[in-house]
Amino acid sequence: MTALPCIEIETTLNPSASVIWLHGLGADGNDFVPIIPQLQLSECPAIRFIFPSAPSIAVTVNGGYVMPAWYDITGRDVNDREDLGGIHKSAAAISELIEREANRGIAYDNIVLAGFSQGCAMSLQVGLRFPHRLAGIMALSGYLPLAKSLPLERSEANCKTPIFMAHGVWDAVVIPERAEASADTLEKLGYQVDWNTYPMEHSLHPDELADISRFLTIVLSKS
């Protein structure tokens, strides 16, 4: 069993697909639970939504305050040193969640990895390196971490996995230029990136929820 505490919601009995949704810095697994009823999933198979909570650690950029975080953030600048150890530790725990779903009978290619902000970074970190083909990756209001190591570490199994990226044009937490640069990097590496922007800050937009529903319907339609 995974060490990460999780909230689980099944859209109906006997799910054949799973969505593992990672929260942002300072939040926890409860953060995105309320949006599930807002998603139009009538054309999707039965889905098990899994909302894990990151461990609480001291976050440098926030003055060392202890809060739920997937890894430490040393500064806001793109050139600040990334927390390699923290990212790898969380990646291992998230990969364990995927393996747990596989052990529960969900095919790897019926599993979507999703994340918001810091969770977005982790969904890309794990999903692009995972050794089995996933159904899709939802990267919301975040960026690609450890981008320089991706070409050497990426998995051929997920080189064609659909990636839904969404960002607010007024986002002051993860500036749009950083997200756009991440999308450009992925596209240059040959990934299928569905890039979307919305009139919002660091949050979710109603049109984004509709696009998330569309994406899930497409990638899970074979389940």
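Check the entry above for the structure.
The present account deals with the structure reproduced in this document. Every value quoted in this text rests on a predicted model; they were computed, and no experiment measured them.

1. Considering the overall build of the protein chain
Helix and strand counts for the protein chain come out as five helices and nine strands. Considered along the principal axes of its C-alpha atoms, the protein chain spans approximately 45 × 35 × 35 Å. Counting only residues that meet the buried cut, the protein chain has 53% of its 223 residues in that class. Contacts in the protein chain between residues far apart in sequence, at least 24 positions, make up 73% of those at least 6 positions apart. Summed over its atoms, the accessible surface of the protein chain is roughly 9,700 Å², and 53% of this surface lies on carbon and sulfur atoms. Each charge class in the protein chain was averaged separately, 15 positive and 26 negative side chains, and the resulting centres sit 6 Å apart.

2. Digging into the sheet that holds strand β3 (residues 47-52)
Pairing in this open sheet of seven strands is mixed, and the strands run β1-β3-β2-β6-β7-β8-β9 from one edge to the other. The two strands at the open ends of the sheet, each matched to only one other strand, are β1 (6-10) and β9 (193-198). The average undirected angle you get between the axes of adjacent strands in this sheet is 15 degrees. Where strand β2 (residues 17-22) and strand β6 (residues 111-116) come together, five bridges link them in parallel fashion. Paired with W21 across the two strands is A114, which belongs to β6. In the packing of helix α5 (residues 206-219) onto the sheet, the strands contacted are β2, β3, β6, β7 (136-140), β8 (163-168) and β9, and the crossing angle to β7 comes to about 170 degrees.

3. Observations concerning the environment of V66
Mapping V66 onto the fold places it in strand β5 (residues 65-68). Looking at V66, the relative accessible area reads 52%, which means it is exposed. Along the primary structure V66 and T161 are separated by 95 residues, whereas in three dimensions their C-alpha atoms are 35 Å apart. Ignoring anything within four residues of it in the chain, the contact list for V66 reads S56, I57 and A58.

4. As for the packing of aromatic side chains
This model, assessed by the stated rule, comprises six aromatic pairs. Centre to centre, the rings of W21 and F32 are 5.4 Å apart; their planes meet at 20 degrees, and the pair counts as stacked. With W21 in strand β2 and F32 in the loop between β2 and β3, the pair connects residues that are eleven residues apart, well separated along the chain. Residue classification places F32 among the buried positions, given a relative accessible area of 6%. Taking the centre distance of 5.4 Å and the plane angle of 55 degrees together, the rings of F32 and F116 count as tilted. Taken together, the residues span a long stretch of sequence, with F32 in the loop between β2 and β3 and F116 in strand β6 at a distance of 84 residues. Taking the relative accessible area as the measure of exposure, F116 reaches 8% and is therefore buried. Over the face of the ring belonging to Y143 we find R178, whose NZ or CZ atom lies 3.7 Å from the ring centre.

5. Here's the deal with a negative patch on the surface
The grouping of E177, E180, D184 and E187 at the surface amounts to a negative patch. Along the chain, E180 turns up in helix α4 (residues 176-188). Its relative accessible area of 36% is what places E180 among the partly exposed residues.

6. A word on the pattern of salt bridges
Should their charged atoms come close, side chains of opposite charge can pair. In this structure the tally under the stated criterion is ten salt bridges. Close ionic contact of R104 with E8 constitutes a salt bridge, the shortest N to O distance being 2.9 Å. Highlighted residues: R104 in the loop between α1 (84-103) and β6 and E8 in strand β1, separated in sequence by 96 residues. E101 is paired through a salt bridge with R48; the nearest N and O atoms lie 2.7 Å apart. Highlighted residues: E101 in helix α1 and R48 in strand β3, separated in sequence by 53 residues. Residue classification places E101 among the buried residues on the basis of a relative accessible area of 0%.

Calculation rules
- Residues numbered from 1 in each chain as written.
- Predicted model: local features only at pLDDT ≥ 70, side-chain atom pairs only at ≥ 80, totals over all residues.
- Heavy atoms only, no water.
- Helix = DSSP H or I, 4+ residues; strand = E, 2+ residues; numbered from the N terminus.
- Buried < 20%, exposed > 50% of the residue type's maximum accessible area, 1.4 Å probe, protein only.
- Contact = heavy atoms within 4.5 Å.
- Areas by Shrake-Rupley, 256 points an atom, 1.4 Å probe, with all protein chains shown as cover.
- Lys, Arg positive; Asp, Glu negative; His and termini not counted.
- Charge placed at Lys NZ, Arg CZ, Asp CG, Glu CD.
- Pairing = 2+ DSSP bridges.
- Axes fitted to C-alpha atoms, helices over the stretch in contact; angles between N-to-C directions.
- Phe/Tyr/Trp six-rings, centres within 6.5 Å; stacked < 30°, edge-to-face > 60°.
- Lys NZ or Arg CZ within 6 Å of the ring centre and 35° of its normal.
- Patch = residues over 30% accessible without salt bridge, like charges linked within 9 Å, V, L, I, M, F, W, Y side chains within 5 Å.
- Salt bridge = Lys/Arg side-chain N within 4 Å of Asp/Glu carboxyl O.

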